[in-house]
Amino acid sequence: MKIAITRLENKATGDRALCASYGHDCYTVSPLRAELRTDRVDAFVEAVHHGEFDCLFFSSALPAAIIGPRLDRWPRVIAIGPKTAEVLREAGIEAEVLPSFYSRDFVPYLGDWLRGRTVGIPRADVPNPGLLDAIARAGGTVREERVYALVPTRAELALEAADAVLFTSAMSYREARWRPRDGLLLVAIGDVTADAMRAGGDPPAVVGDGSLAGTLEALNRYREGR
């Protein structure tokens, strides 16, 4: 299949090779672009170097790519998935990886260790109150630094050549301009994105595990009727 994947512009490294390994071709469509906030990046890096955090949590690869190369020292580091961990490793930072691709598993993963600890989270300017509340309930303190904004491109997604469109986040679905059509397979990268699509009247036929690889596996199972 030819799959249109929602990604930030210039942030689709490795997608085509991974899709090919599952027997598909893919290309990028960009309903969002990243707008870096350099003052907040500087403030977060300075706080890390001053030892203000007991733990850093990178909930996607982009903040890892922004922050990781600038760090000379760091505390315990948690990555949401192997791709984010790989980006950190390229900056010389070995990170622990959550057992799933969802930030809701951050608190269960750390458990009692969080009590009395301070967590630093560099992220997009997209609220995640569930994560913040969970850290607080576990006895931890959190500082989010919204180091970039996600800005809608307002460009209509080029889906004419696609057999399927894969939405990689709830926001990429909600902000996308696109035209559904018969024969276009709708795919969600995970259950949070799937919930947003259902709420918007576009239920996905395929739902992944939060990763691109897991979604391609689910797509192939769907096509095989399993």
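These notes cover the structure that comes with them. (Residues numbered from 1 in each chain as written. Predicted model: local features only at pLDDT ≥ 70, side-chain atom pairs only at ≥ 80, totals over all residues. Heavy atoms only, no water.)

## As for the overall build of the chain
Next up, step 1: The number of helices and strands found in the chain is 9 helices and 11 strands.
Next up, step 2: Against the globule reference of 17 Å for 226 residues, the chain gives a C-alpha radius of gyration of 18 Å, in line with a compact fold.
Next up, step 3: Overall, the chain is about 55 × 35 × 30 Å in size when its C-alpha atoms are taken along their principal axes.
Next up, step 4: A buried classification covers 46% of the 226 residues belonging to the chain.
Next up, step 5: Across the chain, the fraction of contacts at a sequence separation of at least 24, relative to all contacts at a separation of at least 6, is 50%.
Next up, step 6: Of the roughly 10,800 Å² of accessible surface on the chain, a fraction of 47% belongs to carbon and sulfur atoms. (Helix = DSSP H or I, 4+ residues; strand = E, 2+ residues; numbered from the N terminus. Rg over C-alpha atoms; globule rule 2.2 N^0.38 Å. Buried < 20%, exposed > 50% of the residue type's maximum accessible area, 1.4 Å probe, protein only. Contact = heavy atoms within 4.5 Å. Areas by Shrake-Rupley, 256 points an atom, 1.4 Å probe, with all protein chains shown as cover.)

## Section: the pairing of strand β7 (residues 118–124)
Side chains on a regular strand alternate between the two faces of the sheet.
Next up, step 1: In terms of burial, β7 is largely enclosed, as 6 of its 7 residues are buried.
Next up, step 2: Two strands pair when backbone bridges link them, and strand β4 (residues 55–58) and β7 are joined in this way by 2 bridges, in the parallel orientation. Within the sheet, the bridge partner assigned to C55 lies in β7 and is V119.
Next up, step 3: Where β7 meets strand β8 (residues 141–152), 7 bridges bridge the pair, whose relative direction is parallel. Bridge assignment links I121 to a residue of β8, and that residue is E144. (Pairing = 2+ DSSP bridges.)

## Details of the sheet that holds strand β3 (residues 32–36)
Next up, step 1: The mixed open sheet is built from 6 strands, whose spatial order is β3-β8-β7-β4-β5-β6. Each of the sheet's edge strands pairs with one partner strand only, and the pair in question is β3 and β6 (96–97).
Next up, step 2: The sheet contact formed by strand β5 (residues 76–79) and β6 spans 2 bridges and is parallel. Residue pairing in the sheet places I78 in a bridge with E96 of β6.
Next up, step 3: Across the face of the sheet, helix α2 (residues 38–49) comes into contact with β3, β4, β7 and β8 while running at roughly 155 degrees to β8.
Next up, step 4: Contacting β4, β5 and β6, helix α4 (residues 82–90) runs over the sheet at an angle of about 135 degrees to β5. (Axes fitted to C-alpha atoms, helices over the stretch in contact; angles between N-to-C directions.)

## So, the packing of aromatic side chains
Next up, step 1: Evaluated as defined, the whole model comprises 4 aromatic pairs.
Next up, step 2: Put simply, the rings of F167, Y173 and W178 touch in pairs and so form one group of aromatic residues.
Next up, step 3: One Lys or Arg, R104, reaches over the ring of Y102 and ends 4.0 Å from the middle of that ring. (Phe/Tyr/Trp six-rings, centres within 6.5 Å; stacked < 30°, edge-to-face > 60°. Lys NZ or Arg CZ within 6 Å of the ring centre and 35° of its normal.)

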